[in-house]
Structures are given as C-alpha cells and as structure tokens.
Amino acid sequence: MTPVLEVTGLTMDFGGIRALDRLDLRVNPGEIVALIGPNGAGKTTFFNCLTGLYRPTAGDLLLTPPDGGTRRLNGLKPNHVTMQGLARTFQNIRLFPNMTVLENVMIGRHCRTRARVLGAIFRDRRTRQEEREIVALSVSILKELGLGDMINEFAKNLPYGAQRRLEIARALATDPLVLLLDEPAAGMNPQETRELDELIRRIRDKGLSILLIEHDMKLVMSLSDYIFVMDYGKKIAEGTPEEIRTNPAVIKAYLGEDMDDA
Amino acid sequence: MDYFVELFFSGLTRGSIYALIALGYTMVYGIIGLINFAHGEIYMIGAFTALIVSTVLSIFGFPLPAIIILTALAAAIWASAYGYTVEKLAYRPLRNAPRLSPLISAIGMSMFLQNYVLLAQTPDFLPFPALIPDFDFMEPYAGFIGSSDMVILVTTTVIMILLTLLIKFTRTGKAMRATAQDRKMAMLVGINVDHVISVTFIIGSALAAIGGMLIASHIGQINFYIGFIAGIKAFTAAVLGGIGSIPGAVLGSFILGLTESFATGYVSSDYEDVFAFSLLVLILIFRPSGLLGKATIEKV
Amino acid sequence: MISLKDIGKACIIALWFVALTFPLMVIKVNPIDRIIIWRWHNMLWVGLGSFLCYLAGRAWLMRREIRLRRIRQGLEAELPQRTPLSRRIIQDPVIHRPLLAAGALFFLIFPLLFSTYQTNIMITALMYVVLGLGLNIVVGVAGLLDLGYVAFYAVGAYAYALLNLHFGLGFWTVLPIGGLLAATFGILLGFPVLRLRGDYLAIVTLGFGEIIRLILENWNEFSHGPSGISNIPRPGFFGIQMSLDHSITYLYYLMIAMVVFTIFVVNRLQNSRIGRAWFALREDEIACQAMGIDKTRTKLTAFALGAFWAGMVGVIFAAKTTFVNPASFTFLESAIILCIVVLGGMGSIVGVIIAALVLILLPEYLRAFSEYRMLVFGAVLVIMMVFRPQGIIANIRKTYRIGID
Ligand SMILES: Nc1ncnc2c1ncn2[C@@H]1O[C@H](COP(=O)(O)OP(=O)(O)OP(=O)(O)O)[C@@H](O)[C@H]1O
Ligand SMILES: [Mg+2]
C-alpha cells in the first residue's frame, strides 16, 4: 500500500542546533499513527516542518491522495500545504479568539472556496450559494464535535476542552487527507479524554488518516495503529503499540539514564 | 580630494549622532520587541532641555566648562525621566496586549510629546548656542573637520565603549542580555524584568539626549520637529545593522551617515531624506535581518 | 472608594510630573536677547492635572477590578447580562431604526439648514469618514498598521490635478482612475513589504508617506513643487455652470453618496469570505496560514482596497479645494485618520463614522481647543490603547441563527 504521507530524511537546524535529525516516518491511509517522545524531542518542530511553517534543512515530504499522483510538499508555503491536504492543530491553542466559534470553522473553508472581492461586493448568486454551503458545512462539523450549541460564542469564551475540539473542527473544515493533532488531550480531564478517543476514531472511520502527538500514553496505546518514538531529534523506535511498550530504548528515553542506577 | 575628506568627516559626525539615537531603538527593540516611535521625541526633548539649561546657566554667568557638564547632565537626567515615564504610562500596561496596541500607543506618545513641546515652548526654530569652542589645535585641520565634529566623534566613541563594558560586564548588563534573549526565562531565573526594561529606557534616553545636545550645538538651531526625521533615520540605521544588535546599530549608523553625506554632497541635497527612506525600504526587502542581525525563526 | 493611600500616591505622582515638566513648562528662554521667562503658574496646572488624572485612572481601574472579581466569583452571571448601551442601540431595531432615520434626514437637509461655511466643514468631515472607513479596512480589520495612508490620498489628489492639467480629464473620469492608481501604488508598495513583520510595515509605510511628499515637493517639473497646482475644476454636473454656493451643495450631496457607497461596500466586504480572512489574519497570522489562507495575498487585497478609498477621496479633495500642494499631505494627516480608526473601534463601521465626525467637527467648533488638537489626538491614541482598546463602539461579530433539524 502506498502511504498517504511519507517523510524521509527530514532534518531541521536552528543555528547550530539540530532539532530534527534524518527522520523517516510514514502514515498509511486510514491509520492512526502516533509520534511520541520526551519534552523537547522535536515533535512540534516535526509538525512545523511538515506544514511549511519552518523550512526544513533537508528531507523529503510526499503526500499521496487516494487517486494517486504523489505530491512533494517541500518548500511549499503553509497555505499550499493545507490546500494539498494536511491540516493541523496547535499544541498551544491558536484559535481566532475574537471571532465566533462558527467563524473559526468557516475560516477553515477558505481554501476550498473561491469568492473574491467583486463577489463579496455584488453578492451574486454564486457567492451567496457558496456562503450558504460554507455555513451549512461548518455547522454540521460543529454539531458532530458537540459544539453545535455554541456557534455564536466567541472562541475565547469556550472552556478549554471545547477550544481543543474547536481546533479540530477548524482543521477538519479544510477537508484534509491527513489530520495532524499536536497534543489534543493536553489539559483535558479523563472524561474529556475518553470522548476525544471516540472522536478521533470517528474521524478515522470517515477515511482520514491521523498523525498524533500525545503524552497521554493510555490514549496513545489505545488509539494508535502504529507508533514512532523520537528523542533529541532522532527516531529511536517504531512499531505497533505492543512492540513499543516493551522496547528498552523507549523505556530508557522516557525514564532517563538514572533508571539503571536505581 | 579635500571635498571628499570633508564629506567623509561630516558623514562620520552624522553617523555618530544617529548611533547615539539608534542604540535606544535597538536596545528597546531587543528587549520588548517594540519600535519606540517616541524615541525621536526623547532626543528632541534632550536638545530642548540642553538649550534651556545652558542658556539659563550662561545668563547666570557660569563658566563654559561648567555649563557644558551641567547641561549634559541635565539633558541626560530629564530625558531619562521622560523615557522612564513614557514606558510606564504607555507601554507597560500593554505588555501582553495584541502586537498592534503598543505600536499605536507609541505613535500617540510621539505625537503627544511633539505637540507638548510645541505648546510649552514654541513652534519656531530656536537658535542654539555653540557650546563647543573652536580649539586652537584644530586650526590646521579646519578645512575638513571642525572642533565640534571632533568632540562629537570622541564623545560618541567613549560612550560606545562605556556602553559595551556596561552590557558585557555588569550585573545589569547581563540581566539585560538575558531578558533580550528570553523574557519568560529571565523572569523564571529571578531577574526583575520590569526593572531591566526601565533601565533600558533610561540608558537609551540618556544617550539620545546627549546626541540631541551635541547635534543641536553643532547645527545651531532646534525646533519641536527635529525628533521625527532623526528618529526615522536612526531607526533605519538600527535596522540596517540588524535590529536588536548593538554593534549593528553603530555600524548601520555610520554607513547611513556616510551614505547621506556623500549622496547629498555629490548628487543632490533636495532628496536628502529620500535616500535614507529608500535605503530602509531596500534593506527590509533584501535583508530584513540587517547586516549583523541573526535571522531567527519565530517559534510556533 | 479612594483611600488615603491613593491620595498620597497621587501627591507623589503630581510631584514627579511637576519635576519632570519643570524645564519645558516653567522656563522659556530667548538665547539671543538672553532673557528668561519663568512661568511658575504652569507648575500648579501640571501638579493639579496629574493629581486628578491619577485619581481618575485609579478609580477606573478599581471599578474594572471589582467587576472582574465578581465575574470570577460567578456573581455577575446571576445578575442580568449587562449589554452596553451602544450595543443595545445597534442591535435593537426598535431603537436604531428611528435614530438612523433621524440621522439620515439631518444629513439630507443639512445644506438647507446651515450656511455654506458650515456645509464646507461638513464636507471635510465626511471626507474623513470615508478615509477612516478605508483605513479601517487596513488597520482595524486586517491589523496592518499603515502610517503612510496619506500618500495614497496624495496620489488621488495629484492624479486629478495632473491629469486635468495635462490631458483635460474631468472629475468623473479621474474619480475611479484616482482610486485605481492609489490601489496600484498600494500593491507596488505592499508586495515587497507585506511579507515582513507587522511592525516593519509601520515604519516602511511611514517612510513611504514621507518619500511621496518629498518627491512632490522637490520634483518641480512633475508636480510644480511646494507651490502646488491651482485652478483645478470643481466636479461638473452634465456641463451645467454653477455658482460657488451651488457647487458646494452639490459637492456635499456627492460626498453623502460617497459615504453611503463606502459603508455599503465596506460592510459587504467585512461580512464575506475575504473579510473573515482579514479578521483572522489580525487575530493570528500563523494559524491563518495553517488554515490555508494566503497571507501575502490577503494582506495585499486589504492594503489595496484601503488605498483605493484614499485615492478617491484625494480626487474629491482636489476638486473641493481646487488647489493641491504637498503641505496637505504630511504625516499628521495619516495620524489623524489613524486616530479616527482607533477611537472609533478597530473594525467597527459605526464607531469610525462617529469618531470621524467628532474628531473633525469638534476642533472646528471649539476654536479654543483647536490649538491642542494634535496633543489631544496623541493622548487619545495612548489612552484608548491602555483603557479601551476596542474603541468607543466595539466591533460586533455577525451571529447566525441555525434552524434545529
Ligand atoms: N523557532 C525555533 N528556534 C530555535 N529553536 C527552536 C525553534 N523551535 C523549536 N526549537 C527547539 O527545538 C527543540 C524541539 O522543540 P519542540 O517544540 O519540537 O519539542 P516537542 O517535542 O514538541 O516538545 P514538547 O513535548 O514539550 O511539546 C527544542 O530544543 C526547541 O528549543
Ligand atoms: Mg511540542
């Protein structure tokens, strides 16, 4: 099977510091893949390189839609990456705080719609039709994520867990092939985390592939089809949850060197 | 050839003054990431304070050396007080506001101070007494460098050296560098960031005031508007050198001063200010991190 | 509410300001005649003024703190939600319809009620309304601090002056040309600069505004230098000759039409796909890009559209005064327009209209105050940012009603 997302040799330097070192990773269609590693391992940097926010020093990023026709994402601007079908959430929530919940999701539709300045001024039939579709689709996504009764709230007034879900809703509105989630469960209570688990599965069942950064091991182990582990910018292990659970390199990375002395 | 040398020295003089102002811009930008539009006004206030104090002292019959020292002190002290107050009133409450807010506040402060001086003093140009006498030993070189150029160059150099020492070796200097690098981290390791920011404004303002006094005495007249253009040019110099970098600000200032001096001398003086602005636009387009600045990637 | 401690603090602050302003406020020298004028009374004003300002600011902060604390304790939630008056007026059709009708009627019969002189002032105010709405797209909606807005205004004005001088083009022909030309300048300037950080944009636009003015001042062959261009024709009306009074009345209605047109367009733009992208860009550039919005292009659209209005008003300005020279296009103009946007409320159309009328008309009618105009404008910018960044009338987001299915 061709992977929907394939990364080879991804390297990122900040000045003299190598934050990512020849990283390889693949996500197969319909899979939930987790990327884990201790704090500062370079996971978020990996996302930033994928989505074009950082320009990687070296490496290849390939995206293959179901109909074939592999596309290279290297060097694309972030908005073009999103157009190609990668959408992400942010570790430290980056919603549009003073816009309503619905508007936040409508922004996600921007790259799939076309109305320009003249359309906005004259509001011709096409523009009105498009606007109706944007609203309808956004509302349906919001309802699905359990935010249907807050559409007119300001994003900044939502409780934390709802803000995380709103970020996912906004990303889904861009019609991605692969959804990148950066610590979606951070700051959630156990109840919310359980709901998130179900939500991610539901999204996967619709045919999306998911790449997930997460520190909550229970969630990672229950959700993932495949796991990549990194530390200090390097990949130290990969495999199914069972393989990772027992991998000595992973245990060492997570528990630190002093494990041996104890 | 003489003309060339004359232009060269006048460029250096210009550059020195820009450097004294540019340092304030670059230090403040380095620490709180704000273009302090009011900084040019602090320079102007320094020049006005110098004019007032020196005239009063000379009417009271003080000897020239005493006048020079007391005037410099007064200008530096009052300008610092203004800088400190401006930061407290207009920038500190906006520390965590959206990025546009402190910029707009800075523009407002600049307009306010300009018009405050206009109303409190005068809208007209005031003659500024020449504080620096023509030294006898400069006589042979008078063709291309005047005494006051000489004094400006020497003073600037001494101030630069002192500033570098302060930033490299004192506790305050270290705290300033730490804050510039990562404000949150500095706070976590127990640096009083508010204090560091205040000190930065005070030092920057004092330097600008000395610059204001020197150039006013050199050119011989001032008005409430001199800070605006000087401010933009000094900012250009800071960006040219790489904003946030202290040696960059000095280098940028000398390059800008020389460029202006030669361009006005050989091309045309009508477009004096256009050269600086065009230079600014060009640097920002082709090398936004400046000559000595490091390109940083915004952390996401 | 205000304790003794606050009074003590206020005294110290007052002393600080007295000392701070001492050289500039108290002493005035004449270096040539060697005269010193001591103005001791100014000390009293400064002291008293800063004392009262401190107490007022303090009281305001305390009120806000008390309210915040109550909200945190959940008390405020039980009280009936308090909507500000301004918002109630805008949202409730029963209140705003008659107000709007009265306002419209007032503006329609204005030239009949007042003298030509007053009408002329009102035309100026209306011009600033349009300029404010135009800059509002750039600064208020898209969050791009443009400090050289006046340059685009100058482009429009000189476009009419020069095209008329050299090619005899009329007002109506140049009106759209002026707008488009300004928009083109906006794109040319914006293209390289809009990729940069937001604060660099501020200084580059400031520099650009000055460059345009300096070129107009010095390039005599092109722009006739500081003396400017005179005898620019007023707007024509199917070739009918008009007396001065009539042509001013005509210009007034033209300006009213222009304002209505601007409000219509700006309002539609704000509630569109593009408008949403502008707001989002102001809120968070990085998230915006990650959501698939082309940052540079979206900014460029805002920049060009904002410039477009300035260009059109520039043409009208040239036609109104029948004379243009570089002195009309200084940084102060940009600052006034910025002040209108900030006072009105970034992104708020109603707010900007009110702010433009207040800021332009007030100094005209309070002559004593006009000397302090720019001082107050500067203070307004700072005070609004510190105390009320959302402006007098906060921008209201559109709400959607979704049928339950
Ligand atoms: N823009 C940047 N400039 C310089 N260094 C950076 C930048 N972005 C990230 N880094 C560095 O790269 C390293 C990896 O950071 P990253 O945020 O990717 O870690 P992470 O795995 O996401 O950690 P966490 O689990 O805490 O989120 C860190 O040392 C960080 O300081
Ligand atoms: Mg991370």
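Residues numbered from 1 in each chain as written. Chains lettered and ligands numbered in written order. Predicted model: local features only at pLDDT ≥ 70, side-chain atom pairs only at ≥ 80, totals over all residues. Heavy atoms only, no water.

## Some words on the overall build of chain B
Helix and strand content of chain B: eleven helices and two strands. Ordered by position from the N terminus, the helices and strands of chain B form the series α-α-α-α-β-α-α-α-α-β-α-α-α. By the compact-globule yardstick of 19 Å for 300 residues, chain B fits well, its C-alpha radius of gyration being 19 Å. By principal-axis analysis of the C-alpha atoms, chain B measures approximately 60 × 45 × 40 Å. When each of the 300 residues of chain B is scored for burial, the buried share is 58%. In chain B, once contacts between residues fewer than 6 apart in sequence are set aside, the share between residues at least 24 apart is 77%. In the structure as shown, chain B presents an accessible area of about 12,200 Å², 67% of it carried by carbon and sulfur atoms. Counting 15 positive and 16 negative side-chain charges, chain B places the averaged centre of each group 23 Å from the other. (Helix = DSSP H or I, 4+ residues; strand = E, 2+ residues; numbered from the N terminus. Rg over C-alpha atoms; globule rule 2.2 N^0.38 Å. Buried < 20%, exposed > 50% of the residue type's maximum accessible area, 1.4 Å probe, protein only. Contact = heavy atoms within 4.5 Å. Areas by Shrake-Rupley, 256 points an atom, 1.4 Å probe, with all protein chains shown as cover. Lys, Arg positive; Asp, Glu negative; His and termini not counted. Charge placed at Lys NZ, Arg CZ, Asp CG, Glu CD.)

## Focus: the interface of chain B and chain A
If you look at the interface, chain B gives four residues, while chain A gives eight residues. Interface area for chain B against chain A, summed over the two sides, is near 470 Å², with a carbon-plus-sulfur share of 65%. The interface formed by chain B and chain A contains one residue pair in polar contact (both at pLDDT 80 or more). Taken together, the residues that form the side of chain B that touches chain A break down as two nonpolar, no polar and two charged. (Buried area = accessible area lost by both parts, 1.4 Å probe. Polar contact = N/O pair within 3.5 Å; in protein donor to acceptor, adjacent residues only side chain to side chain. Nonpolar A, V, L, I, M, F, W, Y, C, P; charged D, E, K, R; others polar.)

## With respect to the site of ligand 1
Close to ligand 1 lie 15 residues; Gly 40, Lys 43, Thr 44, Thr 45 and Gln 91 of chain A are nearest. More than one chain approaches ligand 1, the contributing ones being chains A and B. The side chain of Thr 45 of chain A places a nitrogen or oxygen atom 2.5 Å from an oxygen atom of ligand 1. Between ligand 1 and Glu 183 of chain A there is a distance of 3.4 Å, counted from an oxygen atom to a side-chain nitrogen or oxygen. Within the complex, 75% of the 640 Å² of free accessible area of ligand 1 lies under protein. No other element matches the three residues that helix 1 (residues 43-50) of chain A contributes to the shell around ligand 1. By residue class, the composition of the shell around ligand 1 is five nonpolar, seven polar and three charged. (Near = heavy atom within 4 Å.)

## Some remarks on a positive patch on the surface
Side chains of Lys 168, Arg 171, Lys 174 and Arg 177 of chain B sit close together on the surface and give a patch of like positive charge. With respect to the helices, strands and loops of the structure, Lys 174 of chain B is situated in helix 6 (residues 171-181). (Patch = residues over 30% accessible without salt bridge, like charges linked within 9 Å, V, L, I, M, F, W, Y side chains within 5 Å. Salt bridge = Lys/Arg side-chain N within 4 Å of Asp/Glu carboxyl O.)

## Here's the deal with the coordination of the magnesium ion (ligand 2)
Residues and elements named next belong to chain A. The protein atoms that coordinate the magnesium ion (ligand 2) are Thr 44 (OG1) and Gln 91 (OE1), at distances of 1.8 to 2.1 Å. One end of the pair, Thr 44, is in helix 1; the other, Gln 91, is in the loop between strand 6 (86-88) and helix 3 (101-108), with 47 residues separating them in the sequence. For Gln 91, a relative accessible area of 30% gives the class partly exposed. (Donors = N, O, S within 2.8 Å, 3.2 Å for Na, K, Ca; no water.)

## Concerning the sheet that holds strand 2 (residues 17-27) of chain A
Residue and element names in this part refer to chain A. The sheet built from four strands is open, its strands ordered 2-1-4-5 with antiparallel pairing. Looking at which strands have only one partner, the edges of the open sheet turn out to be strand 2 and strand 5 (71-72). Relative to strand 5, strand 4 (residues 58-63) runs antiparallel, the two being bridged by two bridges. Counted as the bridge partner of Leu 62 is Arg 72 from strand 5. Docked against the sheet, helix 1 engages strand 1 (5-14), strand 2 and strand 4, running at close to 110° with respect to strand 1. (Pairing = 2+ DSSP bridges. Axes fitted to C-alpha atoms, helices over the stretch in contact; angles between N-to-C directions.)

## Description of helix 3 of chain A
Summarising burial for helix 3 of chain A: eight of the eight residues are buried, a large majority. Those residues of helix 3 of chain A not exposed but buried are Val 101, Leu 102, Glu 103, Asn 104, Val 105, Met 106, Ile 107 and Gly 108 of chain A.

## Some thoughts on the interface of chain B and chain C
Contacts between the two partners involve 61 residues from chain B and, on the opposite side, 58 residues from chain C. Summed over both partners, the interface of chain B with chain C buries about 5,500 Å², with 77% contributed by carbon and sulfur atoms. Among the residues of chain B in contact with chain C, Ile 104, Met 111 and Leu 119 of chain B are the three that bury the most area, contributing 11% of the side total. Counting across the interface, chain B meets chain C through one salt bridge. Applying the counting rule to chain B against chain C returns nine residue pairs in polar contact (both at pLDDT 80 or more). When contributions to the side of chain B that touches chain C are tallied by element, the ones reaching two or more residues are helix 2 (39-59), helix 3 (64-91), helix 4 (100-120), strand 1 (126-127), helix 9 (226-241) and helix 11 (272-286) of chain B.

## Brief notes about the confidence of the model for chain B
All names here are of chain B. A residue-level look at chain B finds 99% of positions with pLDDT of 70 or above and a mean pLDDT of 89. Highest mean pLDDT in chain B belongs to helix 3 (95); lowest belongs to helix 11 (82). Across the whole predicted complex the pTM is 0.89, and at the interface the ipTM reaches 0.91. (pLDDT = per-residue confidence, 0-100.)

## Topic: the pattern of salt bridges
Within this structure, the stated rule accounts for 28 salt bridges over all chains. Close ionic contact of Asp 21 of chain A with Arg 22 of chain A constitutes a salt bridge, the shortest N to O distance being 3.1 Å. The class of Arg 22 of chain A is exposed, set by a relative accessible area of 57%. The closest approach of N and O atoms between Lys 233 of chain B and Asp 273 of chain B, which form a salt bridge, is 2.8 Å. Taken together, the positions of Lys 233 of chain B in helix 9 and Asp 273 of chain B in helix 11 put the pair 40 residues apart, joining distant regions of the chain. Taking relative accessible area as the criterion, Lys 233 of chain B reaches 3% and is therefore assigned buried.

## Looking at a nonpolar patch on the surface
Judged by side-chain polarity, Phe 60, Phe 62, Ile 69, Leu 70, Leu 73 and Ile 77 of chain B together with Trp 38 and Trp 40 of chain C come together as a nonpolar surface patch covering roughly 820 Å² of accessible area. For Leu 73 of chain B, a relative accessible area of 47% gives the class partly exposed.

## What to know about the nonpolar core
Across soluble globular proteins, nonpolar side chains have a tendency to be buried as a group. Ranked by size, the top nonpolar core spans 276 residues in total, and within it Leu 5, Phe 46 and Leu 211 of chain A, Phe 37 of chain B together with Trp 309 of chain C carry the most contacts. Two domains each put at least three residues into this core: domain 1 (4-81) and domain 2 (108-387) of chain C. Counting 47 residues, the second largest nonpolar core, distinct from the first, contains Leu 166, Ala 173, Leu 199 and Ile 200 of chain A. (Core = buried A, V, L, I, M, F, W, Y, C linked by side-chain atoms within 4.5 Å. Domains from an automatic or database assignment.)

## A few points about the sheet that holds strand 9 (residues 226-231) of chain A
Hydrogen bonds between backbone atoms are what pair the strands of a sheet, whose relative direction is either parallel or antiparallel. Residue and element names in this part refer to chain A. Read from one edge to the other, the open sheet built from six strands follows the order 6-7-8-3-9-10, with strand pairing classed as mixed. Either end of the sheet is taken by a strand with one partner, and the two such strands are strand 6 and strand 10 (234-239). Pairs of neighbouring strands in the sheet enclose a mean axial angle of 20°, with direction left out of account. With four bridges joining them, strand 3 (residues 32-36) and strand 9 adopt parallel strand pairing. Pairing of Ile 36 across the sheet is with Val 229, part of strand 9. Across the sheet, helix 6 (residues 160-172) lies against strand 6 and strand 7 (178-182), angled at about 155° from strand 7, the strand it touches most. Across the sheet, helix 10 (residues 248-255) lies against strand 3, strand 9 and strand 10, angled at about 130° from strand 10, the strand it touches most.

## A word on the packing of aromatic side chains
Under the definition given, this model contains 35 aromatic pairs over all chains. Pairing Trp 60 of chain C with Phe 387 of chain C gives two aromatic rings, centres 5.1 Å apart and planes at 80°, and the pair type is edge-to-face. Of this pair, Trp 60 of chain C sits in helix 2 (residues 41-72) while Phe 387 of chain C sits in helix 18 (residues 373-387); the two residues are 327 residues apart in sequence, bridging distant segments of the chain. Relative accessible area serves as the criterion here: at 34%, Trp 60 of chain C is assigned to the partly exposed category. Members of the aromatic cluster, joined through ring pairs, are Phe 106, Phe 107, Phe 110, Phe 114, Tyr 252 and Tyr 253 of chain C. In this arrangement the basic side chain of Arg 94 of chain A is found over the ring face of Phe 90 of chain A, its NZ or CZ atom lying 5.8 Å from the centre. Seen from the ring of Phe 154 of chain A, Lys 156 of chain A lies directly overhead, with NZ or CZ sitting 5.5 Å from the centre. (Phe/Tyr/Trp six-rings, centres within 6.5 Å; stacked < 30°, edge-to-face > 60°. Lys NZ or Arg CZ within 6 Å of the ring centre and 35° of its normal.)

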